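Each chain, letter by letter, is given below.
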Amino acid sequence: MFLRSLYTGILFLFMGLMVKAQSIEVCSDCAVNSLAKGIAMAKAGDTLLVQKGVYKEYNLLVDKPLTILGKDLPVIDGEDKGEVIRVVADSVEIDGLLIRNVGTSYTSDHAAIRIVRSKDFRIRNVVLEKLFFGIFIEKSTHGEILNNRISGDAENEYSSGNGIHLWYSDHIRVTDNKVEGVRDGIYLEFSHHVNIFNNISTDNLRYGLHFMFSNNDSYRNNVFRNNGAGVAVMFSKEIEMIDNRFEKNWGTASFGLLLKEINDAVIKGNTFEQNTVGINIEGSNRIVYEGNDFIRNGWALKVLGACYTNTFTKNNFLSNSFDLSYNSRMNDNSFHKNYWSDYTGYDLDEDGIGDVPYRPVKLFSYIVNNTPETIILLRSLFVDIIDFSEKVSPVFTPDNLLDNAPLIRRRK
Amino acid sequence: MLKILKYSFFDLVRSRWSYVYLLFYLLIGYVLLFLNHDLSKAVITLMNIIVILVPLIGTIFGIMYYYNSREFTELLLAQPVKRMSVFLGQYLGVALSLSLSLLIGLGLPFISYGLFQSDAVWEFGLLLVNGTFLTLIFTALAFNIAMINENRIKGFSYAILMWLFLAVIYDGIFLMSLVVFGEYPLDNFSIIATMLNPIDLSRILILLKLDISALLGYTGAIFQKFFGTHTGVLLSMTILTLWVALPVYNIYRKSLKKDF
Amino acid sequence: MIRIENLYKRFGRNEVLKGIDLQIESPGIYAVLGPNGSGKTTLIKSILGMVIPDKGEIFFKGNDISKSPDYRNDIDYLPQIANFPANLTVKEIFSMIKDLRGGQASDQELMAAFGLSPFMDKRLNTLSGGTKQKVNIVLSLMFNSKLIILDEPTTGLDPVALIRLKELLLQEKAAGKTILITTHIMQFVEEMADEIVFLLEGKIHFRGSVNGLKERTHTSNFEKAIAQTLTHHYA
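Residues numbered from 1 in each chain as written. Chains lettered and ligands numbered in written order. Predicted model: local features only at pLDDT ≥ 70, side-chain atom pairs only at ≥ 80, totals over all residues. Heavy atoms only, no water.

Draft legend 1. Representation of the overall build of chain A within the structure. Secondary structure assignment for chain A yields four helices and 39 strands. The principal-axis extents of the C-alpha atoms in chain A amount to approximately 85 × 40 × 30 Å. Counting all 412 residues of chain A, 57% fall into the buried class. In chain A, the share of contacts with a sequence separation of at least 24, taken over all contacts with a separation of at least 6, comes to 47%. Averaging the coordinates of the 44 positive side-chain charges in chain A and doing the same for the 52 negative ones gives two points 4 Å apart. (Helix = DSSP H or I, 4+ residues; strand = E, 2+ residues; numbered from the N terminus. Buried < 20%, exposed > 50% of the residue type's maximum accessible area, 1.4 Å probe, protein only. Contact = heavy atoms within 4.5 Å. Lys, Arg positive; Asp, Glu negative; His and termini not counted. Charge placed at Lys NZ, Arg CZ, Asp CG, Glu CD.)

Draft legend 2. Summary view of a negative patch on the surface. Residues and elements named next belong to chain A. Among the surface-exposed residues, Asp349, Glu350, Asp351 and Asp355 lie close enough to one another that they form a single negatively charged patch. Looking at where Glu350 falls in the secondary structure, it is placed in the loop between β39 (339-340) and α3 (363-370). Classification of Glu350 by relative accessible area gives exposed; the value is 68%. (Patch = residues over 30% accessible without salt bridge, like charges linked within 9 Å, V, L, I, M, F, W, Y side chains within 5 Å. Areas by Shrake-Rupley, 256 points an atom, 1.4 Å probe, with all protein chains shown as cover. Salt bridge = Lys/Arg side-chain N within 4 Å of Asp/Glu carboxyl O.)

Draft legend 3. How the structure looks around helix α6 (residues 121-148) of chain B. Between its terminal C-alpha atoms α6(B) stretches 41 Å, which fits the 40 Å expected from 28 residues at 1.5 Å a residue. Where burial is concerned, most of α6(B) is hidden: 22 out of the 28 residues are buried. (Expected span 1.5 Å × (residues − 1).)

Draft legend 4. Layout of the side chain of B:Gln90. With respect to the helices and strands, the residue B:Gln90 is situated in helix α5 (residues 83-112). Beyond its immediate chain neighbours, meaning those up to four positions away, B:Gln90 contacts B:Ile4, B:Ser8, B:Tyr65, B:Ser69, B:Phe72, B:Thr73, B:Leu76, B:Ser85 and B:Phe143.

Draft legend 5. Quick look at the pairing of strand β3 (residues 28-33) of chain C. All names here are of chain C. A large share of β3 lies buried, amounting to six of its six residues. Residue alternation in β3 divides its side chains into two sets, Gly28, Tyr30 and Val32 and Ile29, Ala31 and Leu33, and both sets are buried. Alignment of β3 against strand β8 (residues 178-182), held across five bridges, turns out to be parallel. Pairing of Ile29 across the sheet is with Ile179, part of β8. Direction of pairing for β3 relative to strand β9 (residues 195-200): parallel, over a ladder of four bridges. Counted as the bridge partner of Tyr30 is Glu195 from β9. (Pairing = 2+ DSSP bridges.)

Draft legend 6. Structural view of empty space enclosed by the protein. Under the counting rule described, the total for this entry stands at one cavity of 30 Å³ or more. Counted as a void, the largest cavity has a volume near 50 Å³. Here the residues of the lining of the largest cavity sort into six nonpolar, two polar and two charged. (1 Å grid on protein atoms, 1.4 Å probe; cavity = no way out; pocket = protein on both sides within 12 Å on 5 of 7 lines; lining within 4 Å. Points joined across faces, edges and corners; volume = space filled by probe spheres on them. Nonpolar A, V, L, I, M, F, W, Y, C, P; charged D, E, K, R; others polar.)

Draft legend 7. Spatial organisation of the packing of α6(B) against helix α7 (residues 152-180) of chain B. Residue and element names in this part refer to chain B. The N-to-C vectors of α6 and α7 enclose an angle of 140 degrees; their axes lie 9 Å apart at closest approach. The handedness of the crossing between α6 and α7 comes out as right-handed. In this structure, α6 contributes Phe138, Leu141 and Ile145 to the contact, and α7 contributes Gly155, Tyr158, Ala159, Met162 and Leu166. Of the residues assigned to the contact of α6 with α7, the class counts are seven nonpolar, one polar and no charged. (Axes fitted to C-alpha atoms, helices over the stretch in contact; angles between N-to-C directions. Left-handed = near helix turned anticlockwise from the far one by under 90°.)

Draft legend 8. Structural detail: the interface of chain C and chain B. Taken together, the 32 residues of chain C in the interface contact 26 residues of chain B. Summed over both partners, the interface of chain C with chain B buries about 2700 Å², with 59% contributed by carbon and sulfur atoms. Of the charged contacts in the structure, one is a salt bridge between B:Glu74 and C:Lys45, with a shortest N-O distance of 3.5 Å. Connecting chain C to chain B are ten residue pairs in polar contact (both at pLDDT 80 or more). Of all the secondary-structure elements, those providing two or more residues to the side of chain C that touches chain B are β1 (2-11), α1 (40-48) and α2 (90-101) of chain C. If you tally residues by element for the side of chain C that touches chain B, the top one is α2(C), at eight residues. Broken down by class, the residue content of the side of chain C that touches chain B amounts to 18 nonpolar, six polar and eight charged. (Buried area = accessible area lost by both parts, 1.4 Å probe. Polar contact = N/O pair within 3.5 Å; in protein donor to acceptor, adjacent residues only side chain to side chain.)

Draft legend 9. Spatial organisation of the packing of aromatic side chains. Within the structure shown, the criterion is met by 35 aromatic pairs over all chains. Taking the centre distance of 5.3 Å and the plane angle of 15 degrees together, the rings of A:Phe213 and A:Phe235 count as stacked. Placement of the pair is A:Phe213 in the loop between β22 (209-212) and β23 (218-220) and A:Phe235 in the loop between β25 (231-234) and β26 (240-242), with a sequence separation of 22 residues. In this structure A:Phe213 comes out as partly exposed when scored by relative accessible area, which is 33%. With a centroid separation of 4.5 Å and 10 degrees between ring planes, the pair formed by A:Phe246 and A:Phe272 is classed as stacked. Residue A:Phe246 is found in strand β27 (residues 245-247), and its partner A:Phe272 is found in strand β30 (residues 271-273); the two are separated by 26 residues along the sequence. Of the residues examined, A:Phe272 reaches a relative accessible area of 0% and is grouped as buried. A cation over an aromatic ring shows up here: C:Arg3 above the ring of C:Phe59, its NZ or CZ 4.4 Å from the ring centre. (Phe/Tyr/Trp six-rings, centres within 6.5 Å; stacked < 30°, edge-to-face > 60°. Lys NZ or Arg CZ within 6 Å of the ring centre and 35° of its normal.)

Draft legend 10. Structural detail: the interface of chain A and chain B. Listed per partner, the contact involves 31 residues of chain A and 39 residues of chain B. Between chain A and chain B, roughly 2800 Å² of surface is buried when both sides are summed, and carbon and sulfur atoms account for 67% of that area. When the buried area of chain A at its contact with chain B is split by residue, A:Glu373, A:Ile376 and A:Arg379 rank highest and sum to 27% of it. In this structure, the connection of chain A to chain B is made through one salt bridge. We note a salt bridge from B:Glu123 to A:Arg296, for which the minimum N-O separation is 3.6 Å.

Draft legend 11. Just the sheet that holds strand β31 (residues 277-282) of chain A, in detail. Residue and element names in this part refer to chain A. As summarised here, the arrangement of the twelve strands in space is β4-β7-β10-β13-β16-β19-β22-β25-β28-β31-β34-β37, forming an open sheet in which the pairing is parallel. The open sheet terminates on both sides in strands that have one partner only, identified here as β4 (60-62) and β37 (322-326). For this sheet, the mean inter-axis angle between neighbouring strands, taken without regard to orientation, is 10 degrees. Sheet topology places β31 next to strand β34 (residues 299-304); five bridges connect them, and they run parallel. What sits directly across from Ile279, in β34, is Leu301. Lying over the sheet, α3 contacts β34 and β37, oriented at roughly 60 degrees with respect to β37.

Draft legend 12. Spotlight on the arrangement of the chains. With two pairs of chains in contact overall, the greatest share of contacts is found between chains A and B. Regarding chain A and chain C, which are not in contact, the minimum distance between any of their C-alpha atoms is 36 Å.

Draft legend 13. View of the pairing of strand β2 (residues 14-24) of chain C. In this sheet, β2(C) lies alongside β1(C) in antiparallel orientation, the contact comprising eight bridges. Paired with C:Arg3 across the two strands is C:Gln23, which belongs to β2(C).

Draft legend 14. Expanded view of a nonpolar patch on the surface. Residue and element names in this part refer to chain B. A surface patch of nonpolar side chains, about 940 Å² in accessible area, is lined by Leu27, Tyr30, Val31, Phe34, Leu35, Leu100, Leu103, Ile104, Leu108 and Tyr113. The set of elements that each furnish at least two residues to the nonpolar patch consists of α2 (16-36) and α5. Counting residues per element, the nonpolar patch draws most heavily on α2, at five residues. When its relative accessible area of 61% is taken as the criterion, Leu35 is described as exposed.

Draft legend 15. Looking closely at the state of the cysteines. Residue and element names in this part refer to chain A. Throughout the structure, instances matching the rule amount to one disulfide over all chains. Through a disulfide, Cys27 is tied to Cys30; the S-S separation comes to 1.7 Å. Here the S-S torsion is close to 95 degrees, and the disulfide linking Cys27 with Cys30 is therefore right-handed. Residue Cys27 is classed as buried on the basis of its relative accessible area of 14%. By relative accessible area, which is 21% here, Cys30 ends up partly exposed. (Disulfide = S-S within 2.5 Å.)

Structural measurements only, silent on function.
Listed below in structure tokens is the structure:
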């Protein structure tokens, strides 16, 4: 924040003292009839006012601080020839353009807008269609990606790119964007202190949101719906995941949220509804799961491999086919004061907490882990009978895995 | 046939057992809703009850009615009506009066708790359709058993055994064979084994609605096709219809040859 | 009216009818007699189409009965045991049977004759055995059919009702009907029957009048004649 205002201050100083910022109009009938001409003519700090129309241009290089402002959503058509806009200067703002037909390539990652080694960029109100990569941020910091609409028509993973792609980029705000039909909606690799708020990422081929080796990031109030496999958070630490919705991520290897080698994260107030797996947890430690709603998922939680010192408190588990599945007999995680809709105990002292502990792992989930076809016997009376006998005397499931204080009423 | 159906139906809807059955469902419906306040959850609990109890009640009612109305059947057979009409009329009388108890007994509590304003309405509808199918199937199976066995005690035991087998033992064997032969591709086997048991079949129909998220987690392509598209629902419905048609046809066939 | 040709029927290993040929043309009361298991009920049920013969044919008014159930419009049948749907009322069971058969029914007079009127709105499971039998008799006699078949009609009747039944049968006979009765009460046979058909081990052992049987066995007592027939046969 400080840095950015400093830069802005310097910019104003620069503009005020040296040159007066100009506005250059670009339109099909104007003297300046292409963006390329406009950029070439402009001086640092100028505004390019692009009027409504279709501009067939690609490989546009922005190498000075500029504001490119579209009036009534002008169209930049890349005609599938390659990258459309590349920014290599600080303080560039791109606002209100529709960019389409970005060239697909198997050797280079063509993007509609690429920011390279720059600071203080701002991309907003941009609409991207028929793209390969959408917004590609490379080794850049302190930028804003705001209120953009990205809709691709990705059909397979190898010939599609990501909607918003951050690579070695820190302190970026990604807010109010809508991404659909690409490979990964939003992708972060080696990117830290990134805030991802209020985005909607749906119908993407792979993940709605994907973290790799990125730390201290936060995402809140986003919606991830009907993506190939939900949200994946891998090899990262101290990520905040708060108040998001993960919905209808259905399929064989599909989940609302995948945690792989994640430490010290906070997962609070999220809703996981109708996913094949709500959260798939692999080798993740010291994570706080609090106040989340798991509604009608196949498996609310699937815990694989060694996971230590995770705490699950005040979550609602509502009508999931399985609340929890473990693939080992060891348990080092604690479950406390959650509401389990399958709980059948009683509360004689009426303190709102069940007097009998709840065992969230059923024998049948253990059987399904080993022989997946048996899923077809879900809710059969026979299965209920063996689940009951396992509940009475656990043989296959960890016997210290229980919620000692299950809530009687659903947490509001 | 319609005349016989009419009088069997009159007879049955006035019998004490129909009221007991109706009250039982009313009670279950209200108790479930009172305890849960949540229609969707009540529907899930109800499913477990319906899939097991409806076949049991259909079986017991079917077999009792057949044996108890033996002499009446003789009286009817001496009338100028076709044999088929006598048996099918009685069968439909039992099956329809049971279905009616089910529909009213569960329908009333749920409607009074605002079913139509809830999104559980389709699931509940499916549940009732299933319950009706199961009633038709198990009453027909019970009639079949009763027609083959003159001895009531034998017939009654076979009927209960049949229910126990289809409701519990079958799934036990099914589960064991899946676990034992886990290394082989079992998609087709699983689907066929499900089709061969009407209780499993109606359970699957409900799963397709309630647990689709979990079902789609399985990797097999055949499962994916079965569960992921409308194939599953259509196929299940068709086979359920067959499950009604075949025993009913057998009642018809047996009725032509049976001596009294 | 009835022609039975070469009728065979077995239940499992038990051969019940072994080639019955019987023709009944003229009106009158015919008693079908025989020891237990001789095939009386099976014969009657074959005529009614309730038992399906293994071999042989039965003609009613010249038509093969296996072709259509309509011939039963002309037969009144009184089954041995009366058991009706428990929760229907007497009135409903009457209307049901009338419904099934159509045609004219003289149920009102018969009900009056057997004193059933007070029971019309009672459910059938509340009636006593005798009253049920009366309902049964009215049900089977209320249609004006040419052939009347009665299987053990005297069971459970009080003396007054028995007298009514006899009067009724004589009345029907006078109206030119054919009446087929099975019974164990020899006095009833002797009093009522014009002809007896005596079955033994699935075959017709004797057919003729009561007096004919007496003459054949040289006894003047009908019961003794029957007993002697049996002992003679098994001796």
